Each structure stands twice: as C-alpha cells, then as structure tokens.
Amino acid sequence: MRFTFPLIAIGLEVAIIVLFQLFVQYDTDQHIVQHLNTSKTSDMDRFIELYPLFQDVHVMIFIGFGFLMTFLKKYGFGSVGFNFIIAALGLQWGTIAQGLLHSHGEKIHIGIKSMINADFSTATVLISFGAVLGKTSPIQLLIMTIIEITIFAGNEYLVGEIFKASDIGASMTIHAFGAYFGLAVAGVLYRSGLRRGHENEESVYHSDLFAMIGTLFLWMFWPSFNSAIAEPGDKQYRAIVNTYFSLAACVLTAYAFSSLVTHRGKLDMVHIQNATLAGGVAVGTCADMAINPFGSMIIGGVAGIISVIGFKFLTPFFASKLRIQDTCGVHNLHGLPGIMGGLAGIVAVALGVSDTSTMAMQAAALGSSIGTAIVGGLITGLILKLPIWEQPTDQNCYDDSVYWEVPECTEHDNRFNAHDSHNQLEPEV
Amino acid sequence: MRFTFPLIAIGLEVAIIVLFQLFVQYDTDQHIVQHLNTSKTSDMDRFIELYPLFQDVHVMIFIGFGFLMTFLKKYGFGSVGFNFIIAALGLQWGTIAQGLLHSHGEKIHIGIKSMINADFSTATVLISFGAVLGKTSPIQLLIMTIIEITIFAGNEYLVGEIFKASDIGASMTIHAFGAYFGLAVAGVLYRSGLRRGHENEESVYHSDLFAMIGTLFLWMFWPSFNSAIAEPGDKQYRAIVNTYFSLAACVLTAYAFSSLVTHRGKLDMVHIQNATLAGGVAVGTCADMAINPFGSMIIGGVAGIISVIGFKFLTPFFASKLRIQDTCGVHNLHGLPGIMGGLAGIVAVALGVSDTSTMAMQAAALGSSIGTAIVGGLITGLILKLPIWEQPTDQNCYDDSVYWEVPECTEHDNRFNAHDSHNQLEPEV
Amino acid sequence: MRFTFPLIAIGLEVAIIVLFQLFVQYDTDQHIVQHLNTSKTSDMDRFIELYPLFQDVHVMIFIGFGFLMTFLKKYGFGSVGFNFIIAALGLQWGTIAQGLLHSHGEKIHIGIKSMINADFSTATVLISFGAVLGKTSPIQLLIMTIIEITIFAGNEYLVGEIFKASDIGASMTIHAFGAYFGLAVAGVLYRSGLRRGHENEESVYHSDLFAMIGTLFLWMFWPSFNSAIAEPGDKQYRAIVNTYFSLAACVLTAYAFSSLVTHRGKLDMVHIQNATLAGGVAVGTCADMAINPFGSMIIGGVAGIISVIGFKFLTPFFASKLRIQDTCGVHNLHGLPGIMGGLAGIVAVALGVSDTSTMAMQAAALGSSIGTAIVGGLITGLILKLPIWEQPTDQNCYDDSVYWEVPECTEHDNRFNAHDSHNQLEPEV
C-alpha cells in the first residue's frame, strides 16, 4: 500500500477530471422547477421531483451496500470503507462510460437520470465486491471498478438500445450481471488455503446488528431503485407498488424457510440480512408491468424461498465443488433472484402485460447479461490474479488490520489475541 | 419453532396473496405525474409528491421502531428482526383490513395513502410489541399482528367515519391504542417469575447507541408521520410545523427532567431514547389545527415532562402493583402522551381552532380508542396465553439465543458464560 | 448537574416559548400544494417541494453530526446525546434570532426556508462542539448554543444582506465560522493537564463504525445542504450537481493521502470519517455557480488533500504549539476547507461565473466570518471558563459516566476497570 494504491487512486481521479473537462457539461436548459407555464413536460423538468428517489438510491449504495457487508467480525472498516471508495470512483466513471455510449458524439449532459444511472452502475461493482469481500486489496478493487463498469455500460447499452428489452429494476443488467461477474472473479481468485474456511469468516453480535442497518435501508428504498428511471405515470406508480408488495411477501417466506432449514428451527441472521431482499431483485425486470400486486407477492415470496435455499445448500456446494468462494453469498441474493427476475420478465411479456418488448429480446437480454458478466469476470479475475496488486495472504484475509489502522484497544479479548498474533504475520504491503 | 412458525408464516402469506388476488387492484387512473394540464387536483395526482413522506414513515417503521428496541444487551436480533417481520406482515394485512372497510364493496385500490395507512397500521402492533418485548415467541407476534390490526382498522373506521373526529397524527387511534392494547396483553401474560427483574433486562454501552439510531430517525421524521395524510395546503403545512416545534421543545424538557429525577443529576438513556419523542405523540391529534407554534411547544414540553415522570415512577408501579411488565415503557412514550394528545384535541376543538369536529366526538374517539384497545388486548392476551405458541421460559426471556442462531464468539465474556448456562436450559422449541 | 442544568434548560425553553408567542406565527397564505391555477410561483408554494431537502438537512444535523462524533470509545452518549439537545435548542433559538433580523419589525413567519435556516444555524454550534468535545459540561454547551447562534445570525445578516455576497453552501458563514468559533473557545478552555493526551481520547472498533454512519449520511445528503435554499432552476440544479461531483472526487484524494501519510501505507479511519467530507465544505460558496463539474472535482479533490494533511500535521501542531486542543479536528474538516471555499468563491467571481457578487464583497464576507467567529469564540470561551458551569475535571474528560448513567455491564473488560477507578474519582456535579 505504500505508494501503489495512492498513485493509482490519484491517477484515476486526475484522468477522470480530464475526461470530465473534455466531455461533460451541465444541462443548459435544466428547468428544475416544477411550476412551468408550458404544458409540455420533459425529462429535465423532473429534476427536483426525482431528486428524493435519487437520494433513496444514494442511501442504498453507500449505507445499504456498505453496512450490509459489515457482518464480518473483523472486516467492518473494509466493508463500509472500500464500499465508499468503490462507489465514489464508480459514479464518476459510470457517468463517463454510460454518457459516452448514450451521447452519440455529443457532450454528456448531467441530469437527474444520469446521476441515478451513475449510482446504478456502481451497484454492479458493489455486488461483485460482495463475492470477493475480505480477499482482495484496495488496488484490486479500484481496477475491478473501472473494468466492470465499462463492461456493464456496454451490456446495458446492448440490452436497452439494441434489444430494447424491458429491465426497469435491472434484475438482469445489474443484479445477475454483478453477481456472475463477481462469481467469475472469485472463481479465478480461488484460494485453496481457505477451503476449510477462515477463523475470521464469521460475525459477532454487534456486527450482525450493523449489517441490519444495511439490510433495512436497502429493503425500504428498493421501491425507489426499481422506479427511479421508470416512465412517469402508471409505470412508475406500478414499479413502486409492485416492489413494495414483493418485498413484504419475501420477508415472510425468508423467515419461514430460514427457520425450516436451520438447526432446531432457529432463525439465521445470514438469511434475514440477505434473503429478505431477494424480492426486490426478482421483481425488478417486470416491476413496471401490470403484473398486479398479488403477482408481485408471488414473485417476492418465491424469491425469498430460493434465496434461503441457495444460502443453505448452494453456497457450500459452490465453495467445495466449483471452487468459488462467495463471501457474502451474492449468488443467492443477486444471482438466482436476478435470473428469476429475467425469467419472470419473459413470462410477463408472454402473458401480454407488457407491449414494449418481446420474449426473444427478453431472453437475449438475460443471456447477454449473464454471458457478458462471466466472460468479463474471468478476464478481470485473470488481471487481478497478477501478483503485483498487494493481495492479502490467506492468513490475512477478512482482517482489517492489513489495510487499516485498527484501534489497539478493541472490544473483545479475543481481538487482542488475534491482533497479537497478527503483528508477527502482517505482511509488508 | 421446528415447524409451527414456518407453517403459520407461509400459511398467512398464502392467504394474503389469495385475498389480494380477490380484492386488490391498481388504481387504474393513477396519474402520478404532477404536471397535469387539468386544473383539478385529485388525491391520485399526489403519488410522487407524497412519496417522500411515505418513505419517511417507512423509515420510522423499520429503522425507527426496530432500532429503538435494540437497547437490551442480548435482544438486538429479536428487536430489529421481529420488528421487521411484524411490519412486513402487518402492512399486507393492514392493506386488506383497512381497504375492505373503506372500499364499501368495491375493489381495494392501492394508492400512496393506502400505502401510508398500511404502514401506520403496523405501528400499532410495533408499539404493543414494545410492551411484551423479550417475553413472546415469534408465533405469538404473528398472531398478535393479525388480530391487533383487524381491531385497529375497526376502531379507526369508527373514529374517522362514524365519529368524524380529528386525529391526523393518530395520537388516539395509533399511539394510545397501541399502548393500551400492548399493556393489556402484557397484563394477561404477566410472569411472576420475572417480578424481581431479569439479569438480561438491561443495556450495554453499544446497544444504547444502536437504540439512538431508532430514536433519532423517529424524531426527525415525525413531522412526516403527522402530516402524511393531512389535507394539502394549510393543514399539511401546520402538521409539519407544529410537530417540528413540539418535538424540539420536548427534547429540552425531557433532558431537564431526566437529570432532575436521576441519581446525582445524571442523564438516563432510557429517558433520552423515549421521552424526547413524546412531543410527537402528544401533538398528533391537533397537529393540523391552528394551535400556533408556541402552542405546539407547550404541548411538546409538557409531554416530555410527563413521559420522564412516567418512566421514573409509573413503570415500576405498573410492574409491582398492577402486574403489568412493560418492557420498553410504551405507556410513557405512547400511552400517556397519546391520552394527552386526545385531551389536547378536545381543548383545541373547544377553543375553536378546528371546525371539523366537536368536543363530544373527540371524547368519543379517545374513549373508543382506549376501550377497544383494552378489550382487544385482553382477548388477544388470553389467546396468546394458550400454552401452544412455544413461548420462552422465564429464564429464556430477553435472550436472542432461544429463537436465533447467535454468534458463539461474542463481544463480551459474560455472554460466553450466559450462553454456556443457556445450552443446558434452552427449551426444545 | 443536580439543579443547574435542568433549571437552565427549562428556563431557556420557557423563554423561547414566550418569544414564540410574541413574535412567531404561521405563514397565513402557505399554499403548500404545488398544483396551483395561478401562473406565478412564490417561495411559499415550494413547501412540499423543498420538504425532502429539508429532511435531508435534518438527517445531517441529528444523525450526521451526532454519529460522526461517536468515534471516541467512552463518549458515544455525550456525542449523540449532547448533539441532540444542542440542535433541538438551537433550531428554536435560530428561528428567533434569524427571524428577528430578517423580519424588519414584522412577525416572524415560519416557512420551509426558515426551518432549513434554523437547522443550518445549529450546524455552526455542532461544528464548534466538535472542537470542545469531551471537555465541556452540558451547561456550557447550552450557553454556547445561545451565544453562538446569536452571533452567527448577525454575521450571516451582514454577509447576505449588507455585503450581498454569495455563499449558498455556507462555506464561510457556517463552516469557517463554526470552526474558528470552536477553536477560539477551545483555545481559551485549554487544559494543560491534557497536553499529553488522555487515555480515553481514542476509538474502539465499533465506535469507528458508528462514526461511519454519521460520515455517510453527511456525505450523501451534502448536495441537499448546499442547494436547499438555492434559487429554483439552474442554480439549484448546479448546487446539487457540483456538490455531488466535488464529494466524489474528494473521496479518492482523501483515501490516497490517508494511505500516503499513514504508517506503512494503511488507511486511517480519522481521515476517512472526516476528510472525505471536505469537498462538500469547499465547494459550498460557489456551488450554485457555473464552475462546471470538472471544476467542482478539482475543488473537492484539493480539499480532500488539504484536510488529510491538516489532520496529520496541523492538529498536533495546534495542540502543542498554539495550545488549542481540537478534539474532532474541525479545523481540518470545516476550517481549512471553509477558507478554501471562500477563496474559491472569490476566484469564481473573478472568473466571471457569477454575476451576483464582487470579489471585494466575497473577501469581506470571508474576513467577517472568520473575524466575528474568533472574537465571538474568545468572548464565549471566557464566559465558559467561569468555574460555575460544572466542568469535568481533566481526569473525567472524554467519559460519559460523568454526565450519564452508563450501563455497568459493558462490553469490554477494560471498561469495567476504568469504571471502578472512576467511581472514586467521579466529581460531585
């Protein structure tokens, strides 16, 4: 970390500022007031109207994703802190990457939708971050941010502009994409030394409570995520309502199945923190369609079940057989529910509740998102595997003290001991 | 917990989905855009305009109530986790219960007000949950949610549609109702084995900080709670302004009286976490009336005093003499200030600051809310007393490890010891 | 604390209620609906439109500032709890102090802007509170609140109404003012007994995570802070966009320089919690000007660097040479970036991106803000130095147990020991 990390971070920031100077400008006619005398309503008029939804998404990105990952007992700083820098870098890069693709040679204009989309683009990286949490250096994370958002912007352009598929809540382009990208990276970066787990890969009582802050802000604001860039009127209304009910149903089934699959019928915090959100992912693609509240609840309820079962059975299978160590279980929260969302979108189009897309285009969008993610993730993984990015050793995984100044006087005695032993093992990074 | 809890949760969710399929539909003419060419403004036009207020209420329900109750040292998972499932179930059931009463045989249409009202209906159960916190099984909580919201919807219909009383911030129909319902349940479920307290019924340093997250989000967003369904224009404006100033005044008196009644003039976190909110409850009924900012401040200031005094003197009296163990002291935060709010409403009507109700109707609303709550709570308590709901033993009260997988490596040594002894005592639930 | 604190708190509240009765009234023509048939748009129409921005600012004041200061291991109650009462008192007093100056003899009318400005006025005190955190009694804090907001209102009137300078995000009038006021107070209250530090003046693992809650809510909602009272249309739009990008750039440089200046290239939580916010302060004055996104990013990036360097080198220098003990390092988060913001405003005016002010008036505003703050802070410090305000002893600094009931069963053994020794040392306050 001595010089490589700061130089890369500053270099990226300088490069982005130069790109902004060249390509980005204000929307010169940004009427953000709502009280216009004109009868025509343009996207630009909606700045202040959509600003609260943007802020909800903003909270999901920085507090939601950030705290959701603080469940590990010794990786809270890295979870919330690396989340912070990934998202701050990502939103700048996402503004450029998406802007260049959509501006068709003109300057990139900043409006509320470009800001929402910039925040969205960071979500893909934060999902992938969940798969490699605790096993990567900040340098690797900066590199992954730049590459992943570039590929994401390309796939999103393909899905939205070429296939013209519906994916308003981004089940496919963000959730499935981010999950399979992250799993591919995690697969390439497989650490056989951790195949029997790591003593730090567990929570403590209060770290689980910090994680619930993330869960709840994600859960509450998910209707804003799925509706923020929806068409005003009925579609935006439905995106909010459908997501609200899908998530509510998902909570009930996630709790029920958590109890069913856990020792002596208890509830497992891993399920509560994650599977309760699967309904928001799964309803994403068809959130703005007329699937009816009860349809949303079926989608959400099934997603909660699938997600818990994934955590219980698939994650161990992935780690042992497929050699993919998925720290946060993003496959169960974003991968499976994302695929389910894509399939639900195909079914919805087949049932005629949407007239803006075809089954083939929806299927193409799903295939493209997963395919691009896996290929992109494998390539990114190979780049990140180069032994020059100051990776932590196996022993130092899931431990903040490698990259952070950690208070010496910590809250539990076993931290003292852990840190004593670390002082000898700590690598010169 | 082996099968009863999951089966009940899934059964309820399936039943609700069927009811939604039968009775609930979109608002077909949901113009959520605000830039209409029509000059008439309907409720439906206000969807996106009221959406930020809905989200504030949403945060109060899930983060506010959830974290407010995390103050107990070993019951953080149960506080925030059971709060989550109660609210998720409650908002679905509330949509149906309130919708059926107000739809007069037609289909239930989902709009921003029905979503706000659904969130409101969960607040009653979350208040009652505070009274029985740590002493009930999740099965009991699911049952209480269904029964209480049903009775709440009936009383709210009576107050609003029959009495046509004013209660915009729901001092009577939510706060007093939820508190006395919960106290009645707690009275029926009295545990003589806990009459001398329980070693777990206390906070640790960081659990008190988690609780402050809940307090502050409740405090900040309370103006949204009291104004979310107010009439647009002056009334909504006044509901926001009055609540803002009532709460500010309440903080000063709550701190002052906390210091006055506490050993050596110190401040007590229980008072700071709870009594600072009493001003929001007490100003609720007359929040949209022209009581003037200084009037609101008097109401808020007095409420802060009453609440602290309640915590200091009434809660111990309730536990010892009335045999009502009120874990969170909801009587002091919601009960007394709720009654005060109802009385303030009567006075305000008497003083002529409102023309939409009469003193008699306001008094009837207050009496009905408390009466219905007590009768409903007693009946619910008797149902919950049946020895088939996998209640915790006295020894296992206020302890997450009965219903949750708790990390073995916890933050303080005394947890280890507590858990060792628990492993023998833990019931087969 | 036995009687002085409660009597002062109640006395202030009663006095404020009387002043409200005399001077404050509703905006009688408060059309908060947005769907007016009139074509003219007045400030008053914007109540509900600006309400979400007000709530963002509200969250910054109560959660943002409150939790940002919880980093100390034994001062979490005082940080979030004293923040709470300062802000609740301050917003009431700020309403009067600012209202009397701006109402020109008429009654003070409450609107969304007066509520936002009232919240703003509390920010100055909360910044100053950061400089004296852990070394002051609640009585001192109440007195500082009243005096500082009065002086702030005077300087803000001078800057805005007399100089007619631009300072939309209040880099000068809030951030620089609050910082230098607090530093002046801290200088007068210098404690030589703490010149070698204090064993409590450090964080523990979870207190740093609590502080990140504050950091992130401040960071996310800063665009609302800088734009809440901006002119509708282009200016408000630019204030949001510029702040968003300034903050994003600031994160990258703050992380980079934190790693550069810290032992073995690690990241330091103090920098991450604070310096990442400097971009919001520094872009404040010219946030609504046409400085372009890349211009904002340069300002934010430089602010992040200056802030980290300030924490690393200036804070120790201030403590040892200037005898100013700045607990939270407000000089690096608010002081230096505030000056930088003022200077950036002068440069922006010189470059012609704003037509509403002149370089001389901007310079006068900066000088006035710092000068008034230092003089006001020195006078306030002298008043607070009187030995009648129940100050903590040096030994009792940074310790909640002096003014708060602290749970005996705490989370780490070293707290037990610390408390044992305290029981003997605890002063009779």
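Note that this is a predicted model, so its numbers are computed, not measured.

Undergrad: What should I look at first to understand the overall build of chain A in this one?
TA: When its secondary structure is counted, chain A shows 14 helices and 2 strands. Relative to the 2.2 N^0.38 estimate, which gives 22 Å for 429 residues, the radius of gyration of chain A is 21 Å and therefore close to what a compact globule would have. By its C-alpha atoms, chain A is 70 × 55 × 35 Å across when sized along the principal axes. Counted over contacts in chain A with a minimum sequence separation of 6, partners at least 24 positions apart contribute 81%. As displayed, chain A has an accessible area near 12,200 Å², and 63% of this comes from carbon and sulfur atoms. The average position of the 21 basic charges and that of the 34 acidic charges among the side chains of chain A differ by 9 Å.

Undergrad: Would you mind going over the packing of aromatic side chains with me for this structure?
TA: Any aromatic ring pair is given by two values, namely how distant the centres are and how the planes are angled relative to each other. Overall, the coordinates contain 75 aromatic pairs over all chains when judged by the stated rule. On the numbers, 6.2 Å between centres and 80 degrees between planes, the contact of A:Tyr255 with B:Phe84 is edge-to-face. You can see A:Tyr255 sitting in helix α8 (residues 234–261) and its partner B:Phe84 sitting in helix α3 (residues 76–103), one on each of two chains. Among the aromatic side chains, those forming a connected cluster through ring pairs are A:Phe62, A:Tyr75, A:Phe77, A:Phe82, A:Phe84, A:Tyr403, A:Trp404, C:Tyr205, C:Trp219 and C:Tyr255.

Undergrad: Hey, could you run me through the pattern of salt bridges in this one?
TA: Oppositely charged side chains can form a pair if their charged atoms are brought close together. Residues and elements named next belong to chain A. Under the definition given, this model contains 6 salt bridges over all chains. A salt bridge links Asp 394 to Arg 191; its shortest N-O distance comes to 2.7 Å. Residue Asp 394 is found in the loop between α13 (359–385) and α14 (413–425), and its partner Arg 191 is found in the loop between α6 (171–188) and α7 (205–227); the two are separated by 203 residues along the sequence. A residue is classified by how much of its surface remains accessible, and Arg 191, at 12% relative accessible area, is buried.

Undergrad: I keep staring at the interface of chain C and chain A and nothing clicks. Help me out?
TA: With 71 residues of chain C at the contact, the number on the chain A side is 76 residues. Sorting the residues of chain C by area buried against chain A places C:Tyr205, C:Tyr237 and C:Tyr244 first, and these three jointly supply 14% of that buried surface. Inspection of the region where chain C meets chain A yields 0 salt bridges. For the interface between chain C and chain A, the tally reads 17 residue pairs in polar contact (both at pLDDT 80 or more). Elements that contribute at least two residues to the side of chain C that touches chain A include exactly α2 (47–68), α7 (205–227), α8 (234–261), α9 (269–274), α11 (293–320) and α14 (413–425) of chain C. The dominant element in the side of chain C that touches chain A, judged by the number of residues it contributes, is α8(C), at 20 residues. Residues belonging to the side of chain C that touches chain A are distributed by class as follows: 39 nonpolar, 19 polar and 13 charged.

Undergrad: Got a minute to help me understand the relation of the copies chain C and chain A in this structure?
TA: Relating one copy of the chain to the other requires a rotation about an axis plus a shift along that axis. When chain C is fitted onto chain A, the two copies agree to an RMSD of 0.0 Å after a turn of 120 degrees and an axial shift of 0.0 Å. Such a turn and shift between the copies fits a three-fold axis.

Undergrad: How should the side chain of A:Thr327 be read in this particular structure?
TA: Residue and element names in this part refer to chain A. One can find Thr 327 in the loop between α11 (293–320) and α12 (330–350). Within the structure, Thr 327 has its side chain in polar contact with the backbone oxygen of Leu 133 (distance 2.9 Å). Separated by 3.4 Å, the side chains of Thr 327 and Lys 135 make a polar contact. Discounting chain neighbours no more than four positions away, the residues touching Thr 327 are Phe 71, Leu 72, Gly 130, Ala 131, Val 132, Leu 133, Lys 135, Glu 201 and Tyr 398.

Undergrad: I'm lost on the relation of the copies chain A and chain B in this one. Help?
TA: Least-squares fitting of chain A to chain B yields an RMSD of 0.0 Å, with the transformation described by 0.0 Å of translation along the axis and a rotation of 120 degrees. Comparing interface residues between copies, only 14% of those in chain A also sit at the interface in chain B, which points to a heterologous contact through distinct surfaces.

Undergrad: Would you mind going over a nonpolar patch on the surface with me for this structure?
TA: Residue and element names in this part refer to chain A. Side chains of Val 14, Val 18, Leu 22, Phe 23 and Leu 100 sit close together on the surface and give an oily, nonpolar patch of about 400 Å² of accessible area. At 4 residues, helix α1 (residues 4–23) tops the list of elements feeding residues into the nonpolar patch. By relative accessible area, Leu 100 is classed as partly exposed at 40%.

Undergrad: It is not clear to me how the nonpolar core should be interpreted in this structure. Could you clarify?
TA: Generally speaking, nonpolar side chains in soluble globular proteins are found buried as a group. Counting residues in each nonpolar core, the largest one holds 443 residues, and the members touching the most others are A:Phe217, B:Phe217 and C:Phe217. Aside from chain neighbours lying at most four places away, what touches A:Phe217 is A:Val59, A:Met60, A:Ile63, B:Val59, B:Ile63, B:Phe217 and C:Phe217.

Undergrad: Can you help me understand the interface of chain A and chain B in this one?
TA: Note on interface size: it is often stated as the accessible area lost on association of the parts. Facing 70 residues of chain A, the contacting portion of chain B comprises 76 residues. Regarding the contact of chain A and chain B, the summed buried area is about 6,600 Å², with carbon and sulfur atoms giving 70% of it. Looking only at chain A, the three residues that lose the most surface to chain B are A:Tyr205, A:Tyr237 and A:Tyr244, adding up to 14% of its buried area. The interface formed by chain A and chain B holds 0 salt bridges in total. Counting across the chain A and chain B interface gives 18 residue pairs in polar contact (both at pLDDT 80 or more).

Undergrad: Explain the packing of α11(C) against helix α12 (residues 330–350) of chain C here, please?
TA: When two helices pack together, you describe them by how their axes are tilted relative to each other and by the distance separating the axes. Residues and elements named next belong to chain C. Two numbers describe how α11 lies on α12: the axes approach to 8 Å, and their chain directions differ by 135 degrees. Our classification of the angle between α11 and α12 gives oblique. Between α11 and α12 lies a crossing whose hand is right-handed. Counted together, Ile 299, Val 302, Ala 303, Ile 306, Ser 307, Gly 310, Phe 311, Leu 314, Thr 315 and Phe 318 of α11 and His 331, Asn 332, Leu 333, Leu 336, Met 340 and Ala 344 of α12 form the full contact between these two elements. For the contact of α11 with α12, the per-class residue count stands at 11 nonpolar, 5 polar and no charged.

Undergrad: Explain the environment of C:Ala365 here, please?
TA: Residues and elements named next belong to chain C. Along the polypeptide, Ala 365 turns up in helix α13 (residues 359–385). The class of Ala 365 is buried, set by a relative accessible area of 0%. The sequence separation of Ala 365 and Ile 16 amounts to 349 residues, and the corresponding C-alpha distance is 30 Å. Excluding its chain neighbours within four sequence positions, the residues that come into contact with Ala 365 are Val 159, Phe 163, Ala 165 and Met 172.

Undergrad: Any chance you could explain unusual backbone geometry here in plain terms?
TA: The bulk of non-glycine residues show a negative phi, and the bulk of peptide bonds are trans. Residues and elements named next belong to chain A. Despite not being glycine, His 104 shows a phi value in the positive range, around 50 degrees. Considering the arrangement of structural elements, one finds His 104 in the loop between α3 (76–103) and β2 (108–110). Residue His 104 is classed as exposed on the basis of its relative accessible area, which comes to 58%.

Undergrad: Explain the side chain of C:Thr253 here, please?
TA: In this structure, C:Thr253 sits in helix α8. Residues contacting C:Thr253, with those up to four places away along its chain left out, are A:Glu13, C:Gly300, C:Gly301, C:Gly304 and C:Ile305.

Undergrad: Looking at this structure, how should I read helix α5 (residues 138–162) of chain B?
TA: Each α-helix winds once per 3.6 residues, and so residues spaced three or four apart point in a common direction. With 25 residues, α5(B) should cover 36 Å at 1.5 Å per step; its first-to-last C-alpha distance of 35 Å lies within 8% of that length. Positive backbone phi, approximately 50 degrees, marks B:Lys164, located one or two places after α5(B).

Undergrad: Would you take a moment to explain the packing of helix α8 (residues 234–261) of chain B against helix α11 (residues 293–320) of chain B for this structure?
TA: Residues and elements named next belong to chain B. The contact between α8 and α11 brings their axes to 6 Å, and the two run at 35 degrees. In terms of crossing hand, the pair formed by α8 and α11 is right-handed. Facing α8, whose interface residues are Val 241, Asn 242, Phe 245, Ser 246, Ala 249, Cys 250, Thr 253, Ala 254, Phe 257, Ser 258 and Val 261, α11 presents Pro 293, Ser 296, Met 297, Ile 299, Gly 300, Gly 301, Gly 304, Ile 305, Val 308, Ile 309 and Lys 312. Tallied by class, residues from the contact of α8 with α11 come to 13 nonpolar, 8 polar and 1 charged.

Undergrad: It is not clear to me how the state of the cysteines should be interpreted in this structure. Could you clarify?
TA: Simply put, disulfide is the name for a covalent bond between the sulfur atoms of two cysteines. A full pass over the atoms with the stated rule returns 0 disulfides over all chains. Its sulfur unpaired, A:Cys397 is 13 Å from the next cysteine sulfur, which belongs to A:Cys328. A relative accessible area of 0% means that A:Cys397 is categorised as buried. B:Cys286 takes part in no disulfide bond, and the closest cysteine sulfur, belonging to B:Cys250, lies 14 Å away.

So, how was this worked out
Residues numbered from 1 in each chain as written. Chains lettered and ligands numbered in written order. Predicted model: local features only at pLDDT ≥ 70, side-chain atom pairs only at ≥ 80, totals over all residues. Heavy atoms only, no water. Helix = DSSP H or I, 4+ residues; strand = E, 2+ residues; numbered from the N terminus. Rg over C-alpha atoms; globule rule 2.2 N^0.38 Å. Contact = heavy atoms within 4.5 Å. Areas by Shrake-Rupley, 256 points an atom, 1.4 Å probe, with all protein chains shown as cover. Lys, Arg positive; Asp, Glu negative; His and termini not counted. Charge placed at Lys NZ, Arg CZ, Asp CG, Glu CD. Phe/Tyr/Trp six-rings, centres within 6.5 Å; stacked < 30°, edge-to-face > 60°. Salt bridge = Lys/Arg side-chain N within 4 Å of Asp/Glu carboxyl O. Buried < 20%, exposed > 50% of the residue type's maximum accessible area, 1.4 Å probe, protein only. Buried area = accessible area lost by both parts, 1.4 Å probe. Polar contact = N/O pair within 3.5 Å; in protein donor to acceptor, adjacent residues only side chain to side chain. Nonpolar A, V, L, I, M, F, W, Y, C, P; charged D, E, K, R; others polar. Least-squares fit on C-alpha atoms with pLDDT ≥ 70 in both. Patch = residues over 30% accessible without salt bridge, like charges linked within 9 Å, V, L, I, M, F, W, Y side chains within 5 Å. Core = buried A, V, L, I, M, F, W, Y, C linked by side-chain atoms within 4.5 Å. Axes fitted to C-alpha atoms, helices over the stretch in contact; angles between N-to-C directions. Parallel < 35°, antiparallel > 145°, perpendicular 65-115°, else oblique. Left-handed = near helix turned anticlockwise from the far one by under 90°. Expected span 1.5 Å × (residues − 1). Disulfide = S-S within 2.5 Å.

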